[in-house]
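Secondary and tertiary structure notes
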Amino acid sequence: MRNKIIRRTMQVIAFIMLVLVISSLNSCQDSNPLSNDTEPKLLSQEQHSINPSELPQPMIVGGTQVDPACPNCKYDFMVSLQSTGWWGGGHFCGGSLVREDWVVTAAHCVLGDSPSNLQVKIGLHNVNGTTGSVTRNVSEIIIHPSYNSNSLNNDYALLRLSSPITNFEPIKLVTSDSHDDEPVISTTMGWGATQSGGSSSAILLEVDVPIDNSCGNYSNSSITNNMVCAGDSNGGEDSCQGDSGGPLIMTNDNGEYELIGIVSWGYGCAEAQYPGVYSRIYPKLDWFFGYIGEPEEEFEVDLYGDVNFDGTLNVTDVITLINFVLGQTTIEEESLTADMNQDTIINVLDVILLVNEILGTNFSQSVQWLENNFPTFKVKERLANLDKSQFFAKKFCCDKKPKEMSCEELKLEYRKLLLDYQGLKAKYKLLQRLDLDKQKILKQLSEK
Ligand code: ARG
């Protein structure tokens with residue numbers, strides 16, 4: 001009798017374990033839209049005939065540790081999604097900060113989750129904690145309405161944070177589909193498995209993967225327009241389980257990172273002819289912007305003298321510039337293109353230079369033209385009243401220097417500026433952090 005009970009209990013336990021194993025096989029982490037196809041079944045047999053020791057022994061798969069590590073974060077925007085439930089928390093997916101209060105991740109990471117069981121951690125190098133990291137609760141999970149959990153088509157989700165993250169720089173969403181023109185090297189990163197079925201990495205790893213529009217040996221039907229493949233055809237480098245939701249990025253012409261994809265799925269990891277598959281950001285920009293807002297327009301001066309920003313230089317710019325000099329202008333941006341000689345002063349000289357530019361006249365011809373057409377501007381009088389010493393000093397410095405610089409010198413100058421910029425940026429971040437601390441302390445004091 002006792003034996004019978006024990007055997008029965010064992011059977012029940014075995015059954016429960018079997019159910020657990022099966023359900024974990026079906027869980028999202030391992031979801032593989034190809035598992036119903038016949039092709040991969042053949043391949044998985046092939047895979048078993050390969051001796052594992054012959055395969056490259058890898059990280060993210062085939063990657064390296066991100067350097068500089070946080071708190072000097074090379075990838076400021078990289079977040080870890082962690083669950084907070086009683087069953088034990090911890091990292092389960094990656095994500096990208098795209099606005100102060102918005103994170104992009106994969107739908108399959110958060111489908112069916114409740115915001116209260118989720119936390120977003122940013123500023124991590126070691127996924128278990130890095131000094132300076134910041135944690136936020138999630139107030140809303142938004143799954144793309146067309147997400148299909150079988151095909152993983154439209155594997156996009158947005159997390160609204162309970163309060164903004166101000167001391168980490170969000171990543172831009174990709175602005176054009178130019179990354180479709182191969183070969184583009186993109187980068188993916190995460191704390192996921194370092195090989196298919198392997199254990200995950202405590203340290204943030206990154207790997208470069210070329211965009212692969214052929215998508216290797218995947219069947220056409222499994223790859224939709226909302227997916228982009230990345231990985232070398234020989235395999236060896238890839239994202240893997242636990243990297244899902246994390247970013248696929250590239251560097252644009254201005255040297256900034258852009259988010260082009262979200263780690264979504266793959267057949268195994270780093271297999272030859274089976275690149276990683278990422279949800280493509282570009283086709284869904286409108287959906288994203290509907291929630292997170294359009295990106296702020298960046299101001300770029302590409303046409304000096306185009307004071308009214310219509311893309312051409314003509315007499316209306318002269319009129320606007322004259323009004324500017326007369327002190328009647330209102331918008332701040334105008335001062336950036338109005339300063340024709342870049343001496344940081346906007347005056348009659350800039351008007352003359354603009355006329356030179358538009359009419360192809362020389363200095364005295366332009367003065368005459370202005371005299372004839374805008375007599376009230378009193379161009380000659382203004383010229384006579386100019387502080388000449390200042391004018392010649394500036395003229396000397398600004399006309400001469402750029403022309404005399406060799407290409408090498410310019411490069412050096414550029415690097416110096418870049419270093420200055422990075423230094424300033426670091427200081428700015430530090431200041432922001434100090435400011436946050438100060439606010440916290442003030443708040444504590446006021447509560448006492
Ligand atoms: N679905 C996986 C996850 O939830 C990501 C798999 C990525 N696979 C790949 N071969 N790139 O973490």
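You'll find the structure just up there.
Residues numbered from 1 in each chain as written. Predicted model: local features only at pLDDT ≥ 70, side-chain atom pairs only at ≥ 80, totals over all residues. Heavy atoms only, no water.

Observations regarding helix H7 (residues 348-359)
Owing to its 3.6 residues per turn, the α-helix brings residues three or four apart onto one side. We apply this condition: Put simply, DSSP H or I for four residues or longer makes a helix, DSSP E for two residues or longer makes a strand, and each gets a number counted from the N terminus. Expected span of a helix: the number of residues minus one, times 1.5 Å. Think of it in three bands: residues with accessible area under 20% of the maximum for their type are buried, residues over 50% are exposed, and the middle band is partly exposed, with areas taken using a 1.4 Å probe on protein chains only.
The end-to-end C-alpha distance of H7 is 16 Å, a good match for the 16 Å that twelve residues give at a rise of 1.5 Å each. Taken residue by residue, H7 has Val348, Leu349, Asp350, Val351, Ile352, Leu354, Val355 and Asn356 as its buried positions.

Some details on the nonpolar core
The cut-off we apply is this: In these notes, a set of buried Ala, Val, Leu, Ile, Met, Phe, Trp, Tyr and Cys residues joined through side-chain atoms within 4.5 Å is what counts as a nonpolar core. Residue contacts follow a heavy-atom distance rule, with two residues in contact if any of their heavy atoms lie within 4.5 Å.
Among the nonpolar cores identified, the biggest contains 74 residues, and Leu81, Leu97, Leu159, Leu173 and Tyr218 are the most heavily contacted of them. Among all residues touching leucine 81, those that are not within four sequence positions of it are Gly90, His91, Phe92, Cys93, Gly94, Val103, Thr105, Val110, Gln119, Val120 and Leu159.

Describing the sheet that holds strand E4 (residues 102-105)
Sheet strands pair via backbone hydrogen bonds, and the direction of the pair is either parallel or antiparallel. To be explicit about the condition: Being paired, for any two strands, means DSSP has found at least two bridges between them. The axes are straight lines fitted to the C-alpha atoms, using for helices just the contacting stretch, and the angles between their N-to-C directions are given from 0 to 180°.
Reading around the barrel, the six strands line up as E2-E3-E4-E7-E6-E5 and close back on themselves, with antiparallel pairing between neighbours. Along the sheet, successive strands turn relative to each other by an average axial angle of 40 degrees, direction set aside. As judged from the five bridges shared by strand E6 (residues 134-143) and strand E7 (residues 157-161), these two strands associate in the antiparallel manner. Note that in E7 the partner of isoleucine 141 across the bridge is leucine 159. Relative to E7, helix H4 (residues 285-292) is tilted by about 15 degrees, and along the sheet it contacts strand E3 (90-99), E4, E6 and E7.

Examining the packing of aromatic side chains
The following threshold applies: Aromatic contacts are taken between Phe, Tyr and Trp rings whose centres are within 6.5 Å, Trp giving its six-membered ring; a plane angle under 30 degrees counts as stacked, one over 60 as edge-to-face, and the others as tilted.
Counted under the stated rule, the structure contains eleven aromatic pairs. Where tyrosine 156 meets phenylalanine 288, the ring centres are 5.7 Å apart and the plane angle is 85 degrees; that geometry is what we call edge-to-face. Note that tyrosine 156 is positioned in the loop between E6 and E7 and phenylalanine 288 in helix H4, a separation of 132 residues in sequence. There is no split in this pair, since tyrosine 156 and phenylalanine 288 are both buried. By the ring-pair criterion, three or more aromatic residues cluster together here, those being Trp102, Tyr156, Trp287, Phe288 and Tyr291.

Focus on the site of the ligand
For clarity, the cut-off: A single heavy atom is enough: if one lies within 4 Å of a molecule or strand, its residue is considered near that molecule or strand. Polar contact is the term for a pair of N or O atoms within 3.5 Å; when the atoms are in protein, one must be able to donate a hydrogen and the other to accept it, and sequence-neighboring residues count only if both atoms are side-chain atoms. Computed with a 1.4 Å probe, the accessible areas rest on the Shrake-Rupley method; for each residue, only the protein chains presented here act as cover. Just so you know the grouping, Ala, Val, Leu, Ile, Met, Phe, Trp, Tyr, Cys and Pro go in nonpolar, Asp, Glu, Lys and Arg go in charged, and all remaining residues, Gly too, go in polar.
Taken together, 16 residues surround the ligand, and among them His108, Asp238, Ser239, Gly242 and Ser244 come closest. Contact distances for the ligand include 2.8 Å between a nitrogen atom and a side-chain N or O atom of serine 239. Contacts to the ligand include glycine 242, whose backbone N or O atom sits 2.6 Å from an oxygen atom. Expressed as a share of its isolated accessible area of 350 Å², the protein-covered part of the ligand is 100%. Tallying contributions element by element places strand E13 (residues 257-265) first for the shell around the ligand, with three residues. Taken together, the residues of the shell around the ligand sort by class into four nonpolar, ten polar and two charged.

Focus on the state of the cysteines
Using the following cut-off: By disulfide we mean two sulfur atoms from cysteines, separated by a distance within 2.5 Å.
Counting across every chain of the model gives four disulfides. Bridging cysteine 93 to cysteine 109, the disulfide has an S-S length of 2.0 Å. Between cysteine 93 and cysteine 109 the disulfide shows an S-S torsion of about -80 degrees. By sign, it is left-handed. Of this pair, cysteine 93 sits in strand E3 while cysteine 109 sits in helix H3 (residues 107-110), placing them 16 residues apart in sequence. Cysteine 109 sits in the buried class, given a relative accessible area of 6%. Linked covalently through their sulfurs, cysteine 240 and cysteine 269 form a disulfide whose S-S length is 2.0 Å. A torsion of 90 degrees about the S-S bond marks the disulfide between cysteine 240 and cysteine 269 as right-handed. Of this pair, cysteine 240 sits in the loop between strand E11 (227-230) and strand E12 (247-251) while cysteine 269 sits in the loop between E13 and strand E14 (276-280), and the two are 29 residues apart along the sequence. Across the protein, the way the bonded cysteines pair up, counted in sequence order, is 1-2, 3-4, 5-6, 7-8.

Comments concerning the pairing of E6
Summarising the sheet, strand E5 (residues 118-122) and E6 pair through four bridges and their orientation is antiparallel. Following the sheet pairing, isoleucine 122 is matched in E6 by valine 134.

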